[in-house]
Amino acid sequence: MASLKVPSNVPLPEEDAEQLHKAFSGWGTNEKLIISILAHRNAAQRSLIRSVYAATYNEDLLKALDKELSSDFERAVMLWTLDPSERDAYLAKESTKMFTKNNWVLVEIACTRPALELFKVKQAYQARYKKSLEEDVAQHTSGDLRKLLLPLVSTFRYEGDDVNMMLARSEAKILHEKVSEKAYSDDDLIRILTTRSKAQLGATLNHYNNEHGNSINKNLKEESDDNDYLKLLRAVITCLTYPEKHFEKVLRLSINKMGTDEWGLTRVVTTRTEVDMERIKEEYQRRNSIPLDRAIAKDTSGDYEDMLVALLGHGDV
């Protein structure tokens, strides 16, 4: 995982914890100070700050932030401050609740995180919620959606680069047959997409494209207008093979709606800044002819805007 760039003169976690405590003290909260510290620390540094803050002030930093902040700015700071596996566990739990249900978030977590990270998310989920992610996904989905999502969150994919080209050819044939038959929830189609390594899937889908003149997602798009399952199936394939394309689309839809979808915007910025944000920014610029930081600045305001732009790497340290 790529780290957020941090200057060599970053203060010790003890100093950061002290400054954060000062930001909460007195009349009003010093939001600018909070941004200047947390938005410029990587995951390991944020974890140390939380530990030192708890030991020094006998209070969880997240609880202090929750008391002092509000609205979209609070959500951005809280999500960013969480350990990545805790953050994903929180987002996954949120996405299985009735009023915040979002299968797209489950797909993102299951398909764009490396196998060991997904395993850590599931550990964090069990530690926090005293049940498994698989239990909640099974309970809150049904039919074809459950048939697709449950193996996705249950898998532990091989992470290596080894590819079996004979297998890629045979499975490309299976995928094409199932798509042609409109058997979109066929056991073999789901088995291939939910268990094969990303390298193996890449080879299979390249063969599909070369052999049949169209990508599998293009074939699926022709049928997916009013079909939520097919839309999710396409998102699975994009997240596994071209994640920056998926996240660019989430950002574009979040920003370009009538009224910003702050939850989608906040989720992508806080979860991808330390992973592949540079590629997402390039994809966004290519697709929309405007830099992502400028698009966000036009569509947000105040401390929330400052936090997001700082995370994108354009904030002043």
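Please refer to the structure placed before this passage.
The model shown is predicted, which means the values in this text are computed figures rather than measured ones.

Calculation rules
- Residues numbered from 1 in each chain as written.
- Predicted model: local features only at pLDDT ≥ 70, side-chain atom pairs only at ≥ 80, totals over all residues.
- Heavy atoms only, no water.
- Helix = DSSP H or I, 4+ residues; strand = E, 2+ residues; numbered from the N terminus.
- Rg over C-alpha atoms; globule rule 2.2 N^0.38 Å.
- Contact = heavy atoms within 4.5 Å.
- Areas by Shrake-Rupley, 256 points an atom, 1.4 Å probe, with all protein chains shown as cover.
- Lys, Arg positive; Asp, Glu negative; His and termini not counted.
- Charge placed at Lys NZ, Arg CZ, Asp CG, Glu CD.
- Core = buried A, V, L, I, M, F, W, Y, C linked by side-chain atoms within 4.5 Å.
- Buried < 20%, exposed > 50% of the residue type's maximum accessible area, 1.4 Å probe, protein only.
- Polar contact = N/O pair within 3.5 Å; in protein donor to acceptor, adjacent residues only side chain to side chain.
- Axes fitted to C-alpha atoms, helices over the stretch in contact; angles between N-to-C directions.
- Parallel < 35°, antiparallel > 145°, perpendicular 65-115°, else oblique.
- 1 Å grid on protein atoms, 1.4 Å probe; cavity = no way out; pocket = protein on both sides within 12 Å on 5 of 7 lines; lining within 4 Å.
- Points joined across faces, edges and corners; volume = space filled by probe spheres on them.
- Nonpolar A, V, L, I, M, F, W, Y, C, P; charged D, E, K, R; others polar.

**Overview of the overall build of the protein chain**
Piece 1. A count of helices and strands for the protein chain gives 20 helices and 0 strands.
Piece 2. Over its C-alpha trace the protein chain gives a radius of gyration of 21 Å, about what one expects of a compact globule, namely 20 Å for 317 residues.
Piece 3. When its C-alpha atoms are laid out on the principal axes, the protein chain stretches across 65 × 45 × 40 Å.
Piece 4. Contacts in the protein chain between residues far apart in sequence, at least 24 positions, make up 68% of those at least 6 positions apart.
Piece 5. Accessible area of the protein chain: about 15,600 Å², with a carbon and sulfur share of 49%.
Piece 6. Averaging the locations of the 45 positively and 51 negatively charged side chains of the protein chain gives two centres separated by 3 Å.

**A word on the nonpolar core**
Piece 1. Membership of the largest hydrophobic core comes to 87 residues, with the highest contact counts inside it found for Leu20, Phe24, Ile34, Leu65, Val107, Leu233 and Met307.
Piece 2. Counting residues per element, this core draws most heavily on helix α15 (residues 228-241), at 9 residues.
Piece 3. With residues near it in sequence (within four places) discarded, Met307 still touches Ile35, Ala39, Phe73, Ala76, Val77 and Trp80.

**Description of the side chain of Glu248**
Piece 1. With respect to the helices, strands and loops of the structure, Glu248 is situated in helix α16 (residues 243-256).
Piece 2. When its relative accessible area of 2% is taken as the criterion, Glu248 is described as buried.
Piece 3. Polar side-chain contacts of Glu248 include one of 2.9 Å to the side chain of Asn288.
Piece 4. In contact with Glu248, other than residues within four places in its own chain, are Ile280, Glu283, Tyr284, Arg287 and Asn288.

**Things to note about unusual backbone geometry**
Piece 1. If you check the backbone angles, Lys130 has positive phi at about 60° while not being a glycine.
Piece 2. If you trace the backbone, Lys130 turns up in the loop between α8 (115-129) and α9 (133-140).
Piece 3. Residue class for Lys130 comes out exposed when judged on its relative accessible area of 69%.
Piece 4. Phi at Ser289 is positive, roughly 55°, even though this residue is not glycine.

**Structural notes on the packing of α9 against helix α10 (residues 143-154)**
Piece 1. Contact pair α9 / α10: the axes reach a minimum separation of 9 Å and the direction vectors enclose 175°. Overall, the two elements α9 and α10 adopt an arrangement that is roughly antiparallel. Residues Leu133, Glu134, Val137 and Ala138 of α9 form the contact with α10, whose own contacting residues are Arg146, Leu149, Leu150, Val153 and Ser154.

**Things to note about the layout of surface pockets**
Piece 1. In this structure, the largest pocket encloses a volume near 1,100 Å³.
Piece 2. If you trace the largest pocket, you find 41 residues lining it, with Trp104, Ala235, Thr238, His246 and Lys249 closest to the centre.
Piece 3. For the lining of the largest pocket, the secondary structure elements donating two or more residues are α6 (84-96), α7 (103-112), α13 (198-212), α14 (216-221), α15, α16, α17 (262-272) and α18 (277-288).
Piece 4. Per-class residue counts for the lining of the largest pocket are 11 nonpolar, 13 polar and 17 charged.
Piece 5. Taken as a whole, the second largest pocket encloses approximately 590 Å³ of empty space.
Piece 6. At the level of elements, α6, α7, α8, α13, α15 and α17 are the ones that each hand at least two residues to the lining of the second largest pocket.
Piece 7. For the lining of the second largest pocket, the element with the most residues is α6, which contributes 4 residues.
Piece 8. Broken down by class, the residue content of the lining of the second largest pocket amounts to 12 nonpolar, 5 polar and 14 charged.

Read these as layout, nothing more, since geometry by itself doesn't imply function.
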